[in-house]
Amino acid sequence: MTTTWMRWLSATMATPLRFVAFVARAAAAALRGMPAIDVALLTSRLLVRSLPIVVVVNFFCGAMLTVQAAASLQIFGAASMSGVIVGFGGVREVFPLLAGGALAARSGAEIASQLQAMRVTRQIEALAMMGLDPLALLVAPRLLACVFGAPLCVLAAMLAGLFGAQAVGTLQLGIDGGTMWAALLSGVSRFDVVVGAVRGVLLGVLVGGVATFEGFASGDNDAASVGRAAHHAVIRGMVVVCAACLLLSWLIYGRHA
Amino acid sequence: MTSSMPAPAARSAAIELVGVTRRFSARAVLDDVNVAIAAGRTTVLLGPSGTGKSTLLRLATGLLSPDAGVVRTLGVDVFAAKKPSLLQLRRRMGMLFQDNALFGSLSVFDNIAFPLRRVARTPEADVRRRVDELLALVGLSGFGERLPDRLSGGQRKRVALARAIALEPELVLFDEPTSGLDPQTSASIDQLIRATQRRLGITFVVITHDIESAALIADDAGLLLDGKVHVFGDRATVWASTDPRVRAFLDRAPPAGAPR
Ligand SMILES: Nc1ncnc2c1ncn2[C@@H]1O[C@H](COP(=O)(O)OP(=O)(O)O)[C@@H](O)[C@H]1O
Ligand SMILES: [Mg+2]
């Protein structure tokens with residue numbers, strides 16, 4: 001009876017444990033240092049790839065939230081206050097979540113498929129055969145790039161969402177620009193911005209960790225594994241992002257909501 | 001006097017496998033393999049596809065671990081070695097992968113320069129000189145700026161050889177260097193392998209199922225069958241073997257009962 005349970009548990013926990021051990025090893029390699037230029041190039045590449053989609057998605061999300069907030073507040077004749085709802089819910093929850101998702105979809109997929117392609121074509125073994133450590137050389141700088149890039153994506157997402165809300169508020173709903181912006185910001189404190197940045201670092205570790213894990217450590221090297229690594233990085237990356245955001249919100253905002 | 005004669009096994013072996021077994025999902029791909037590959041020569045390991053030739057090479061480099069037995073490469077017990085000494089050992093060998101494993105985003109020059117820059121930390125002026133030298137050695141002078149994609153299969157193999165010998169290894173491993181190449185290109189790669197080995201005097205280990213190629217480059221030869229080294233010795237001895245299975249492989253006789 002107990003053995004069945006334990007077997008079930010160890011089977012279920014094997015991959016998560018392997019994942020944690022992998023990220024820990026990559027983080028340790030990152031702390032041992034690496035060429036700053038590699039990390040800078042990878043970070044700027046990540047931003048170039050992911051920022052546009054982060055901005056577009058969140059601009060429209062901010063706009064749509066405003067439309068719905070106005071529609072519901074209209075009932076109480078308080079449509080001009082719709083910015084408050086977007087400020088609270090958008091900046092604290094929805095925009096960071098979408099930033100994490102967009103990051104997983106764009107840069108997570110790219111990192112995973114790139115590493116897996118190197119695995120399939122034996123480039124990773126070629127590095128190992130030169131007496132180099134592929135984990136330190138390939139995984140650690142990509143993980144760091146995600147850790148540096150993700151907070152910027154989260155902050156950009158917050159701004160884009162607010163601008164989207166402002167645009168709908170003033171152009172479509174006819175709310176005064178100053179009133180709208182003040183309502184938006186009334187929902188946002190400096191604390192929220194700090195939490196957003198911290199959340200960004202966590203999302204960077206998770207999205208980068210999942211992407212490098214899927215691309216580097218899947219153990220597969222068949223031709224189809226490149227596509228598989230990419231879609232696992234997206235799907236699993238998004239699931240992990242959602243779970244982490246939910247957990248963080250409970251911990252930080254849950255008690256005085 | 002006679003008692004101080006070195007035992008044959010003590011003659012310097014570049015790679016030594018003692019009782020090595022490796023399984024993949026319960027099937028023993030290599031089954032209690034014993035072989036000693038002599039230093040300073042070219043040894044060709046032959047065998048039909050799927051007999052574990054690549055597996056043997058990967059064991060010798062520590063990229064794969066055995067289920068039983070000892071692998072000694074350049075005098076180092078590969079699976080007793082700690083990670084730093086394993087990395088150190090790998091710097092003393094070069095490997096040509098079946099599909100070359102060139103870095104696709106780097107030019108030919110940067111591919112060959114990679115181990116010099118990243119491993120040996122060679123000053124940039126020396127890198128240039130050394131890469132030009134290597135390009136000339138493999139007959140690719142003037143191709144430095146190309147991307148690997150823009151080369152023919154034979155040229156890519158030459159780049160892989162140049163990269164593998166850039167750090168002046170003591171041992172170079174070749175995984176099917178002529179597979180997928182046309183007969184003429186294969187012959188030119190065989191010639192290059194032979195000439196390079198003669199010139200450097202280091203140990204080359206080549207695995208292949210290409211008998212013609214083996215006849216051209218081998219000093220020693222072995223035949224892998226059913227997870228065992230079926231025969232091993234100098235080329236003339238192996239080629240003169242009367243063992244029916246060796247003959248069948250070398251004479252390319254189809255297995256009994258095979259469809260015609
Ligand atoms: N990583 C692996 N996982 C599972 N099976 C493998 C793996 N590597 C090799 N094999 C199996 O081992 C056998 C020998 O493979 P290999 O050493 O590549 O043969 P060869 O190079 O002689 O063609 C093949 O049947 C292959 O399917
Ligand atoms: Mg093979």
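See the structure shown above.
Residues numbered from 1 in each chain as written. Chains lettered and ligands numbered in written order. Predicted model: local features only at pLDDT ≥ 70, side-chain atom pairs only at ≥ 80, totals over all residues. Heavy atoms only, no water.

**Re the interface of chain B and chain A**
Put simply, the rule reads: The contact definition used throughout considers only heavy atoms, calling two residues in contact when any of these lie within 4.5 Å. Accessible area that two parts lose when put together, evaluated with a 1.4 Å probe and summed over both, is termed the buried area. We define a salt bridge as a contact between a side-chain nitrogen of Lys or Arg and a carboxyl oxygen of Asp or Glu at a distance within 4 Å. Side-chain atoms alone can form a polar contact between residues adjacent in sequence; in general such a contact is a pair of N or O atoms within 3.5 Å, and within protein one must be able to donate a hydrogen while the other accepts it.
Counting from both sides, the interface comprises 19 residues of chain B and, opposite them, 15 residues of chain A. Between chain B and chain A, roughly 1500 Å² of surface is buried when both sides are summed, and carbon and sulfur atoms account for 65% of that area. For the chain B face of the interface with chain A, the top three residues by lost area are Phe97, Phe103 and Arg118 of chain B, together amounting to 31%. Our enumeration of links across chain B and chain A arrives at three salt bridges. Across the pair Asp38 of chain A and Arg118 of chain B runs a salt bridge whose closest N-O atoms are separated by 3.6 Å. Across the contact surface, chain B and chain A share three residue pairs in polar contact (both at pLDDT 80 or more).

**A look at the sheet that holds strand E10 (residues 228–234) of chain B**
As a general point, the strands of a sheet are linked pairwise by backbone hydrogen bonds and lie either parallel or antiparallel. Residues and elements named next belong to chain B. For the record, the criterion: What makes two strands pair is DSSP finding at least two bridges between them. Under the DSSP-based scheme used, a helix requires at least four consecutive residues in state H or I and a strand at least two consecutive residues in state E, with every element numbered from the N terminus. All axes here are fitted lines through C-alpha atoms, helices being fitted over the stretch that makes contact, and every angle between N-to-C directions spans 0 to 180 degrees.
Across the sheet, six strands lie side by side as E6-E7-E8-E3-E9-E10; this open sheet has mixed pairing. The sheet is open, and its two edges are formed by strand E6 (93–96) and E10, each paired on a single side. Each adjacent strand pair in this sheet contributes to an overall mean axis angle of 15°, direction not counted. Judged from the five bridges that link them, strand E7 (residues 171–175) and strand E8 (residues 203–208) form a sheet pairing that is parallel. Its bridge partner being in E8, Val172 is matched across the sheet by Phe204.

**Some thoughts on the site of ligand 1**
All names here are of chain B. Quick note on the threshold: If a single non-hydrogen atom of a residue is within 4 Å of a molecule or strand, that residue counts as near it. Reported accessibility uses the Shrake-Rupley method at a 1.4 Å probe radius. Residues are deemed covered only where the shown protein chains occlude them. Throughout, the ten residues Ala, Val, Leu, Ile, Met, Phe, Trp, Tyr, Cys and Pro are labelled nonpolar, Asp, Glu, Lys and Arg are labelled charged, and all others, Gly among them, are labelled polar.
Every residue near ligand 1 is listed here: Phe24, Arg27, Val29, Pro48, Ser49, Gly50, Thr51, Gly52, Lys53, Ser54 and Thr55. Measuring from an oxygen atom of ligand 1, one finds a backbone N or O atom of Lys53 at 2.8 Å. One of the side-chain nitrogen or oxygen atoms of Ser54 is found 2.7 Å away from an oxygen atom of ligand 1. Taking 560 Å² as the accessible area of ligand 1 by itself, protein coverage stands at 58%. With three residues, helix H1 (residues 53–61) is the largest single contributor of residues to the shell around ligand 1. When the residues that make up the shell around ligand 1 are grouped by side-chain class, the tally is three nonpolar, six polar and two charged.

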